[in-house]
Each structure stands twice: as C-alpha cells, then as structure tokens.
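The chain contents come next:
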Amino acid sequence: MWLPFFILPLAAGCVPFSSSEAVKALPVTLAHDSYVSDIEIKALPPDATPEFKAKLELALRTELTKCAKGSHPLRVEARVARFNGENAGRALLLGDSNIVRGSVQLFDPANGALVGDYDVNRSVGGGGVLGAIGLSGAEGQMAQAFANQVCDQAFKAETKPQSH
C-alpha cells in the first residue's frame, strides 16, 4: 500500500515556466518583416562556460532564422545575467531546476536605434529519475529555451490594436 508513495518521487518529471516580457515591443511592421543579420552575446554570468556561449549563439541563430524571415535587417544583442544548471542528486531527491535569465535588445543597423527590448526568464524544474533525465544537458536546453523565448516574444507575439 505504501509502495506507490515511494516510487512516485523517483518517477516524477519536468515542468517548464516562463515569465518573459517585452520592455519595448518590436513594432508590428518590423516583427512581420525583419530578419536577424547579426547576433552578439554582450554578457554572460561569470560561471558560464565557453560551451554555453557557443550553444546560445547557435540556438539564437537557428531559431531566429526560423521565426524572423522578413527583409529588414536587425542586430541582436543578448545578455544573460543568470544561468543555473541542475544538480542531478538534488533533482533525484528533492527536485531542482535549470534557469536562464537575461535580456535581448534588437537594433536597426541602419541608424542604430533600439527597436525592441525583451526580458527573458525561463526555467524548467523537475524531480525524480525522469526529472533528472529531463534536466540533463542544461546548457543546451536553456540556450534553446532562451532562443525560443526571443522568437515567441519578438516575432510571434499576438498583436493587439492600440486604442486611441
């Protein structure tokens, strides 16, 4: 009778969470008619590895190519303020999470104007054996999550008509 209560924590899984938001939303015309011509990683946390930077650049390039398919070039500057990867032992026993927090600014290279500014906050938490497996590869997973949030916020966000 007590066996399921002992097995359940071992089998648990992962739950993603996002609280990303636009500080300055990309104008609708640019969101629908832009592509990313240049990506620069401006800041990383001191404990980030060179592999994380490379994975983040690749994820941003790959995802932004998919979601920003217009004809107007934009330059992207990304800053990651926090990156935490899971601890497998803690994930098995108590639960843990992968976290990435930062910001992305989009600039018009023609005049250097800031046209979009987004805070990115993504985490994936989990526990048990399935959670530990799901949280493994934190650098790649969170680089991808960061890039997905940029696409979702800047280029896929639903546009609402402004009232006057």
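Right, let's walk through the structure included here. (Residues numbered from 1 in each chain as written. Predicted model: local features only at pLDDT ≥ 70, side-chain atom pairs only at ≥ 80, totals over all residues. Heavy atoms only, no water.)

Brief notes about the overall build of the protein chain
What counts here: A helix here means a DSSP run of H or I that spans at least four residues, while a strand means a run of E at least two residues long, and both kinds are numbered starting from the N terminus. Under the scheme applied here, a residue whose accessible area is under 20% of the maximum for its type counts as buried, over 50% as exposed, and between as partly exposed, the area being computed with a 1.4 Å probe on protein chains only. Areas reported as accessible are Shrake-Rupley estimates using a 1.4 Å probe. Residue values count occlusion only from the protein chains shown.
Along its length, the protein chain carries six helices and six strands. Scanning the protein chain from its N terminus toward the C terminus, one meets helices and strands in the order α-β-β-α-β-α-β-α-β-β-α-α. A burial count over the protein chain gives 40% of its 164 residues as buried. In the form shown here, the protein chain has an accessible surface area of approximately 9200 Å², with 59% of it arising from carbon and sulfur atoms.

So, the state of the cysteines
Selection criterion: Our working definition of a disulfide is a cysteine sulfur pair at a distance within 2.5 Å.
Throughout the structure, instances matching the rule amount to one disulfide. Between cysteine 67 and cysteine 151 runs a disulfide, and the two sulfur atoms are separated by 2.1 Å. Taking the sign of the S-S torsion, about -70° here, the bridge from cysteine 67 to cysteine 151 comes out left-handed. Separated by 84 residues along the polypeptide, cysteine 67 in helix α3 (residues 50-67) and cysteine 151 in helix α6 (residues 138-155) bring together distant segments of the chain.

A few points about the pattern of salt bridges
Keep this limit in mind: When a carboxyl oxygen of Asp or Glu lies within 4 Å of a side-chain nitrogen of Lys or Arg, that pair is called a salt bridge.
This structure, assessed with the given rule, holds five salt bridges. One salt bridge connects lysine 42 with glutamate 40, and the closest N-O pair in it is separated by 3.4 Å. A residue is classified by how much of its surface remains accessible, and glutamate 40, at 34% relative accessible area, is partly exposed. Salt-bridge contacts for lysine 156 lead to aspartate 152; the nearest nitrogen and oxygen are separated by 4.0 Å. Residues participating in the shared-partner salt-bridge network are Arg75, Glu77 and Arg79.

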